[in-house]
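Structural characterization, general
Now for the letters of each chain:
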Amino acid sequence: MAGALSKRAVLRAGYAGVVAVLVLSAVEAYRIQSTISRQHLEIYRQFVDQDAGLGTLRRNLWLAGNYVRDFFILPTPAQGELLHSQLQDLKNENEQALQHLALSSNDAGTAAKLRKRLDEFWAVVDPLPRTMLHTTGGQQYDFLQREIVPRRGQLYNAMLALAGASQQRFQNSQSEFASARRQAAGRLLMMLVAALLLSVLVVRLSLRHAENLELQAERHYAAVEQTKGELQQLSARLLEIEEEGKRKLSRELHDEIGQTLALLQIEISHAQSLPEVRSAALIGSLGRARELAERTVQTVRDTALLLRPALLDDLGLVPALQFLLENFLRRSRIATEFTEEGVADRFPDAVMTCVYRVLQEALHNCEKHSGAARVRVAVRQLPECLLLEVEDNGRGFSLNANGMPLKSSGLGLLGSRERAAIVGGTLAIDSAPGRGTRIALRIPLPAVCEAAA
Amino acid sequence: MSVRILLADDHTLMRQGLRHILEKHADFDIVAEASSGIEAVEAARAQKPDVAIVDVAMKELNGIEAASQILKCSPHTAVLMLSMYSDERYVLRAVKAGARGYVLKNSAGDELISAILTVQKGMAFFSPAVARIFQDGSARLKDARETSDRFELLTSRERQIYQLLAEGNSNKEIATRLSLSLHTVETHRWHVMEKLDLHSTAELVLSAVRRGLVT
């Protein structure tokens, strides 16, 4: 029992484990999925931001070049003012973009280099509105070639470097992200494999447990069946012993005591007839003694008959049944009808005893419990079986699923059924409250022949 | 002329007691004793006794079986059944087996001698206690197949002859008494036996006792 309990506990834990691993896997899968998409989004956003920042810088550099060129076309103080304010706007915008870039960029060196170049560029461009007023085309051209173009080129290169780094970083994070995803997928797969293994284990354990239970149930069933068989044999043997005891006792009573008493009566009547016996007192005394013996013989005979009628052994089945019915009729005053069809005198002892005792039990029930006014008894010998039917019009009773009376008073009928089973026969009981009772004993004749052999 | 008797009973004391009674009678000669049905049949075959006193319940071969076998091997023997039982079924079986008389053991002291003398003369003898049982119809079973009494089938003349036969009269005595020819009496007798389904004088007497016509 304790073993079964712990087994059940293990199985329960196993089921819980499988469910837990599955739930964990689901949670992990969700977590991985959400983390990955978040990271992915972040990296992409950074890349786009950087790209946008660089684009702004590039555009502004180009605009700055254009504004300078425009100023050179008409280098008046008014135009210088305009250029100054235009450059200031671009510078501010650039400052914002740069800050943004520095924030979003992990490559501080490249960003710093870019800033340095940019600062150098502005250092050259900023004083222009003042220094280059009223200059000539040649000077301007020189200036552009000498100061602006190279710096602008350098700046482009720095920006290109930054973009390259950003691109690289994007690619790096892409591959990092891919490997993280691979790892996560691997982890998930392992968890699923673990869940699968665990569930296979649990299923195997469950199956083995179920098999064990089934085996146990089978063993129990076999044991119960065997016990049932043994009980049946035992009860058959018990009935046999009881019957044999009754027969012996009956014979003993009748043959030894009964006959001796009869002999006593003979002797007394002989004594009474002797010529020497003349005294009236003696004759009277002998008469009383004889009467006493007579009464005792009667008692002994009745007792012997009650135990087991000699008729059954001396005359056979039908006379014994008639005797039983006549006694029943005399005692109970219940109208009794008897039909006999083609029944042989002799059957194997067990069969005769069975029929006799079954009828006895049926009549006993009829007298004690049924309140019947009429009972009909029929015994028939058919080619294949011997049939005894007892039918009364009494109050009847309810039957259980085994076709036996619900109340415990049916113990006698249970005994009758046992007796029937011993000779290979069956006992059918048909009854319902208020509908009377019909009992049918059927003993197959091949069994009768086998028993006789 | 003495009566040759076979005495069969498996109860030794009882056999001795009966022998004791019989020996008192000078005309009786116990030619054989048997303690079982088989021994009784053997003895009857060997001795051909006039009367066989046979206990109903004996081991090996019971008295009723023994009676019919005795009659087969010694047809002139009058079988007198001896029994502890007054149950009519025993009596009927005994009569069917051919027994001419039926005596209860406990009244054997008074009745055995007269029973032997009666059956030896070819008449039937039943202990009065047995006859009483036959008359007491109150506790008799109602046999579902038994038709109304066959006695109703007899004509009044047949009933008269039935009664006289049961009382132990011979055909000749009846013929004289009723002023009929012997042949007529025999015909009537045959009709009675036929209608009542009887096969021997003993059965006829028994049926009359049962109907309360004779005691």
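Residues numbered from 1 in each chain as written. Chains lettered and ligands numbered in written order. Predicted model: local features only at pLDDT ≥ 70, side-chain atom pairs only at ≥ 80, totals over all residues.

1. So, the overall build of chain A
The line we're drawing: Numbered from the N terminus, helices here are DSSP runs of H or I no shorter than four residues, and strands are runs of E no shorter than two. Any residue whose C-beta has 12 or fewer other C-beta atoms within 10 Å is treated as exposed, any with 20 or more as buried, and any in between as partly exposed, C-beta atoms being built from the backbone. Note that contacts rest on C-beta atoms placed from the backbone: two residues are in contact if these are within 7 Å.
Scanning chain A from N- to C-terminus turns up 11 helices and 5 strands. When burial is assessed residue by residue, chain A has 25% of its 453 residues classed as buried. Of the contacts made within chain A by residues no fewer than 6 positions apart, 76% connect residues no fewer than 24 positions apart.

2. Remarks on the overall build of chain B
Broken down by element type, chain B carries 10 helices and 7 strands. Put simply, 64% of the contacts in chain B that link residues at least 6 apart link residues at least 24 apart.

3. Comments concerning the interface of chain A and chain B
Condition: Only Asp, Glu, Lys and Arg are considered charged in this grouping, and only Ala, Val, Leu, Ile, Met, Phe, Trp, Tyr, Cys and Pro are considered nonpolar; every other residue, Gly among them, is considered polar.
Contacts between the two partners involve 30 residues from chain A and, on the opposite side, 25 residues from chain B. At the level of elements, helix H5 (137-273), helix H6 (280-307), helix H7 (310-314), helix H8 (317-332) and strand S1 (335-341) of chain A are the ones that each hand at least two residues to the side of chain A that touches chain B. Ranked by residue count, the leading element in the side of chain A that touches chain B is H5(A), at 12 residues. Its residues assigned to classes, the side of chain A that touches chain B shows 12 nonpolar, 10 polar and 8 charged.

4. Here's the deal with the pairing of strand S2 (residues 374-381) of chain A
Residue and element names in this part refer to chain A. Our working definition: Two strands qualify as a pair provided DSSP detects at least 2 bridges between them.
When S1 meets S2, the two strands line up parallel, connected through 7 bridges. Paired with Glu-337 across the two strands is Arg-376, which belongs to S2. As paired strands, S2 and strand S3 (residues 385-392) are joined by 7 bridges and run antiparallel to one another. Of the residues in S3, the one forming a bridge with Gln-381 is Leu-386. Taken together, S2 and the strand that follows it, S3, pair antiparallel across an intervening segment of 3 residues.

5. Structural notes on the confidence of the model for chain B
This is how the line gets drawn: Confidence per residue, as judged by the predictor, is encoded in pLDDT with a range of 0 to 100.
Taken over all residues, the pLDDT of chain B has a mean of 84, while the share at 70 or more is 90%. Overall fold confidence (pTM) sits at 0.61, and the ipTM for the predicted complex is 0.71.

6. Observations regarding the environment of Ala344(A)
Within the fold, Ala344(A) resides in the loop between S1 and helix H9 (349-370). Distance from Ala344(A) to Val318(A), taken between C-alpha atoms, is 8.1 Å for residues 26 residues apart in sequence.

7. Some details on the confidence of the model for chain A
Per-residue pLDDT for chain A averages 84, and the proportion of residues at 70 or more is 96%. Confidence, expressed as mean pLDDT per element, reaches its minimum in chain A at helix H11 (residues 445-452) of chain A with 55 and its maximum at S3(A) with 93.

8. Examining the nonpolar core
Here is the rule: Nonpolar core, as used here: buried Ala, Val, Leu, Ile, Met, Phe, Trp, Tyr and Cys residues forming one set through C-beta atoms within 7 Å.
Ranked by size, the top nonpolar core spans 114 residues in total, and within it Leu359(A), Ala40(B), Ala52(B), Leu80(B) and Ala94(B) carry the most contacts. Here the element with the most residues in this core is H9(A); it accounts for 11 residues. The residues contacting Ala94(B), other than those within four sequence positions of it, are Val56(B), Ile64(B), Ala67(B), Met81(B), Ala99(B) and Tyr102(B). By size, the runner-up hydrophobic cluster in this structure holds 22 residues, among which are Leu87(A), Ala97(A), Leu128(A) and Leu162(A).

9. A short note on helix H10 (residues 201-210) of chain B
Burial within H10(B) is extensive, with 8 of its 10 residues counted as buried. Listed as buried for H10(B) are Ala202(B), Leu204(B), Val205(B), Leu206(B), Ser207(B), Ala208(B), Val209(B) and Arg210(B).

10. Notes on the environment of Asn365(A)
Residue and element names in this part refer to chain A. Positionally, Asn-365 belongs in helix H9. Accessibility expressed as a C-beta count within 10 Å gives 23 for Asn-365, which makes it buried. Along the primary structure Asn-365 and Thr-437 are separated by 72 residues, whereas in three dimensions their C-alpha atoms are 10.0 Å apart. Dropping the residues within four chain positions of it, Asn-365 is found in contact with Ser-370 and Gly-412.

11. Side note on the sheet that holds strand S1 (residues 3-8) of chain B
Sheet architecture is open: 6 strands sit in the order S2-S1-S3-S4-S5-S6 (chain B), paired in parallel fashion. Edge strands, defined here as strands with exactly one partner in the open sheet, are strand S2 (28-34) and strand S6 (125-126) of chain B.

12. Some remarks on unusual backbone geometry
For Arg333(A), which is not a glycine, the phi torsion comes out positive at approximately 60°. Given 11 C-beta atoms within 10 Å, Arg333(A) falls into the exposed group. Its identity as a non-glycine residue notwithstanding, Ser179(B) has a phi of 50°, on the positive side. The residue Ser179(B) is located in the loop between helix H8 (171-178) and helix H9 (182-196) in this model.

13. As for helix H7 (residues 156-166) of chain B
Residue and element names in this part refer to chain B. Put simply, the test is: Working note: the arc is built from the helix axis to C-beta atom directions.
Turning to H7, its buried residues number three or more, namely Ile-161, Tyr-162, Leu-165 and Ala-166. The buried residues of H7 occupy an angular sector of 135° when projected down its axis, which confines them to one face. At its buried positions, H7 is contacted by H8, H9 and H10. Following H7 by one or two positions, Gly-168 has its phi on the positive side, about 100°.

14. Describing the packing of H5(A) against H6(A)
Residue and element names in this part refer to chain A. Heads up, the condition is: For every element, the axis is a line fit to its C-alpha atoms; helices are fit only across the contacting stretch, and the angle between N-to-C directions ranges from 0 to 180 degrees. Here is the rule for angles: anything less than 35 degrees is roughly parallel, anything more than 145 is roughly antiparallel, 65 through 115 is roughly perpendicular, and the remaining ranges are oblique. Handedness of each helix crossing follows the sense of rotation of the near helix against the far helix: counterclockwise by less than a right angle gives left-handed, clockwise gives right-handed.
Relative orientation of the contacting elements H5 and H6 amounts to 165°, with a least axis distance of 9 Å. Classified by the interaxial angle, the pair formed by H5 and H6 is roughly antiparallel. Regarding H5 and H6, the two cross each other, and that crossing is left-handed. When the residues that make up the contact of H5 with H6 are grouped by side-chain class, the tally is 16 nonpolar, 8 polar and 4 charged.

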